[in-house]
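Residues per chain, in single letters:
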Amino acid sequence: MSFLSFFGKYLPERVVSNAELASRIGCEPGWIQEVSGISERRWATPEQTVADLAVAAGEDCLRNAGIPASSLAMVFVASGTAGRRFPGPAAEVAERLGAAGKPALDFPMASAGSLFALALAAKLAANGPILVIGAEKMSSIVDKEPMERETAILFGDGAGAVLVTSAPGQLQVVDSALYSDGSFRDDLTLDAAGKFRMNGRSVIMQASRKIPRAISELLERNGSAAGEVAAFLMHQANQNLINKVASTLAVPSEKFFSNIARYGNTSSASMLIAAAEWSAAAAAAPCAGNILVFAAFGAGFHWGALLARAV
Amino acid sequence: MTDHDRILKIIQQAAKKPVQPAGAESLFDSGILDSFALPDMVSALEQEFAISVPDSDLTPRKFESIDRIAAYIESRR
């Protein structure tokens with residue numbers, strides 16, 4: 001039995017407004033809001049690395065948990081925007097947190113990485129607490145000249161973290177369902193030269209179908225229905241996609257926690273940032289037995305959902 | 001009602017407008033449908049024509065125009 005016990009997050013200080021982006025890409029600020037639901041996003045400084053963001057979120061999580069990094073059994077770091085092909089940021093993050101010598105695994109997966117890391121951590125937490133971090137510096141992709149209009153509007157930087165334990169905590173992990181299909185591998189890519197490509201229509205078509213299906217299958221095999229879920233903590237890709245998934249599941253979109261207006265799409269960091277903010281807001285009134293669903297979809301394609309129950 | 005008419009009716013429902021695209025006209029480039037209307041349109045096509053569209057066929061190109069949709073539906077019968 002595994003639990004999601006404590007959460008943490010880090011968002012860079014710099015706020016990039018739609019007005020600032022609009023002047024660079026030549027559009028109306030209102031258009032960005034309309035097509036994405038995003039009002040502003042955070043960008044890291046040029047000097048900040050993915051590891052810097054991950055360490056800050058990890059420290060926040062460990063502070064909330066009140067445990068030293070030395071007590072961790074493992075550290076997982078999900079990121080699609082790490083600065084080097086190898087080594088990935090996990091070993092550096094573990095060392096800087098104070099967990100040098102503990103196994104540190106990278107999940108170089110955009111958007112769905114933290115979900116996959118979380119689901120794997122839940123299977124391994126019997127061996128000791130696992131710190132799972134999603135950290136992304138998406139500005140390293142979009143903050144270029146010329147800036148590409150369709151992608152520049154979407155992305156932001158940040159990091160989220162969760163401590164997965166075998167000792168009882170805030171949420172008990174009930175089950176998870178993960179999927180991968182390389183058929184669409186060319187529809188969302190960041191190549192070795194740093195060139196980002198996205199077939200937005202394909203991504204939306206596939207995500208709109210695969211996310212609700214994964215959630216429905218997971219709920220059904222655990223004897224639950226979408227209407228019984230207290231909150232959905234989904235990858236914050238686009239507010240219109242979140243609304244679409246809610247509509248397909250026939251639940252009010254208000255049940256989907258959303259902070260995309262403030263942070264944009266932070267890829268693999270977004271689900272855990274959302275969870276950290278949901279946890280901080282829900283802490284005042286925890287409802288034992290409430291069902292929570294985590295869900296994500298990303299390049300690969302990789303997608304899935306995780307079912308948890310409030311303790 | 002012809003297949004063309006049935007497809008057009010579904011496109012109009014997905015677009016929420018009484019649009020009249022030509023057979024080969026791109027539904028996306030013309031702004032008739034946005035990406036988020038596509039899944040609804042495909043679901044409606046599955047129901048109307050009693051076909052199943054596998055994920056592997058769920059590509060924008062196959063559903064880009066009335067002519068392409070008609071050809072795809074024919075291939076699934």
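The preceding data block contains the structure.
Since the structure is predicted, the reported quantities are computational estimates derived from the model, not experimental observations.

> If you had to explain the interface of chain A and chain B to someone new, which residues and values would you point to?
Across the boundary between the two partners, chain A contributes 15 residues, which contact 17 residues of chain B. Between chain A and chain B, the buried area comes to about 1,400 Å², and carbon and sulfur atoms account for 61% of it. Its largest share of buried area at the contact with chain B, chain A owes to Arg201, Met205 and Arg209 of chain A, together 52% of the area lost on that side. Counting the contacts that link chain A with chain B gives 6 salt bridges. Between Asp55 of chain B and Arg209 of chain A there is a salt bridge, with the nearest N and O atoms lying 3.0 Å from each other. Of all the secondary structure elements, the ones that give two or more residues to the side of chain A that touches chain B are helix H8 (200-221) and helix H9 (239-248) of chain A. Of all the elements, H8 of chain A adds the most residues to the side of chain A that touches chain B, at 9 residues. Here the side of chain A that touches chain B is built from residues that sort into 4 nonpolar, 6 polar and 5 charged.

> Let's hear about the nonpolar core: which residues, and what values?
Residues and elements named next belong to chain A. One finds Ile211, Ile215, Phe232 and Phe256 to be the most contacted residues of the largest nonpolar core, which totals 51 residues. When residues of this core are traced back to their parent elements, those giving at least two are helix H1 (18-25), helix H6 (139-142), H8, strand S11 (229-234), H9, strand S12 (291-298) and strand S13 (302-310). Setting aside residues up to four positions removed in sequence, Ile211 forms contacts with Met234, Leu241, Val245, Ala295 and Phe297. Ala73, Leu233, Leu272 and Ala276 belong to the second largest nonpolar core, which has 39 residues in total.

> Please give an account of H1 of chain A that cites residues and values.
Residue and element names in this part refer to chain A. Residues of H1 that are buried include every one of Asn18, Leu21, Ala22 and Ile25, and no others. Along the axis of H1, the buried residues cluster in a sector spanning 105°; they form a single face. The secondary structure elements touched by the buried residues of H1 are strand S2 (14-17), helix H2 (29-36), strand S3 (40-43) and helix H7 (149-152). Just downstream of H1, Gly26 is the residue with a positive phi angle, here 75°.

> Account for the sheet that holds strand S1 (residues 3-10) of chain A, with residues named and values stated.
Residues and elements named next belong to chain A. Overall, mixed pairing links the 9 strands, which are arranged S5-S4-S6-S7-S1-S8-S13-S12-S11 in an open sheet. Bordering the open sheet on either side are strand S5 (104-107) and S11, each of which pairs with just one other strand. Adjacent strand axes in the sheet meet at a mean angle of 25° when their direction is disregarded. Note: strand S4 (residues 74-78) against S5, 4 bridges, orientation parallel. Residue pairing across strands places Val75 opposite Ala104, the latter belonging to S5. Along the sheet, helix H11 (residues 270-282) makes contact with S1, strand S6 (130-137), strand S7 (157-165), strand S8 (171-180), S11 and S12, crossing S1 at roughly 105°.

> Break down the pattern of salt bridges for me, with residues and values.
Considering all chains together, one arrives at 20 salt bridges over all chains under this definition. Its salt-bridge partner being Glu92 of chain A, residue Arg96 of chain A comes within 2.9 Å of it at the nearest N-O pair. Of this pair, Arg96 of chain A and Glu92 of chain A both sit in helix H4 (residues 89-97), 4 residues apart, which is roughly one turn of that helix. Using a relative accessible area of 36% as the deciding quantity, one classes Arg96 of chain A as partly exposed. Across the salt bridge formed by Arg209 of chain A and Glu46 of chain B, the nearest N and O atoms sit 3.4 Å from each other. Of this pair, Arg209 of chain A sits in helix H8 while Glu46 of chain B sits in helix H2 (residues 38-49), placing the two residues on different chains.

The rules we used
- Residues numbered from 1 in each chain as written.
- Chains lettered and ligands numbered in written order.
- Predicted model: local features only at pLDDT ≥ 70, side-chain atom pairs only at ≥ 80, totals over all residues.
- Heavy atoms only, no water.
- Contact = heavy atoms within 4.5 Å.
- Buried area = accessible area lost by both parts, 1.4 Å probe.
- Salt bridge = Lys/Arg side-chain N within 4 Å of Asp/Glu carboxyl O.
- Helix = DSSP H or I, 4+ residues; strand = E, 2+ residues; numbered from the N terminus.
- Nonpolar A, V, L, I, M, F, W, Y, C, P; charged D, E, K, R; others polar.
- Core = buried A, V, L, I, M, F, W, Y, C linked by side-chain atoms within 4.5 Å.
- Buried < 20%, exposed > 50% of the residue type's maximum accessible area, 1.4 Å probe, protein only.
- Arc of directions from axis to C-beta.
- Pairing = 2+ DSSP bridges.
- Axes fitted to C-alpha atoms, helices over the stretch in contact; angles between N-to-C directions.

Geometric descriptors of this kind do not, in isolation, establish any biological role.
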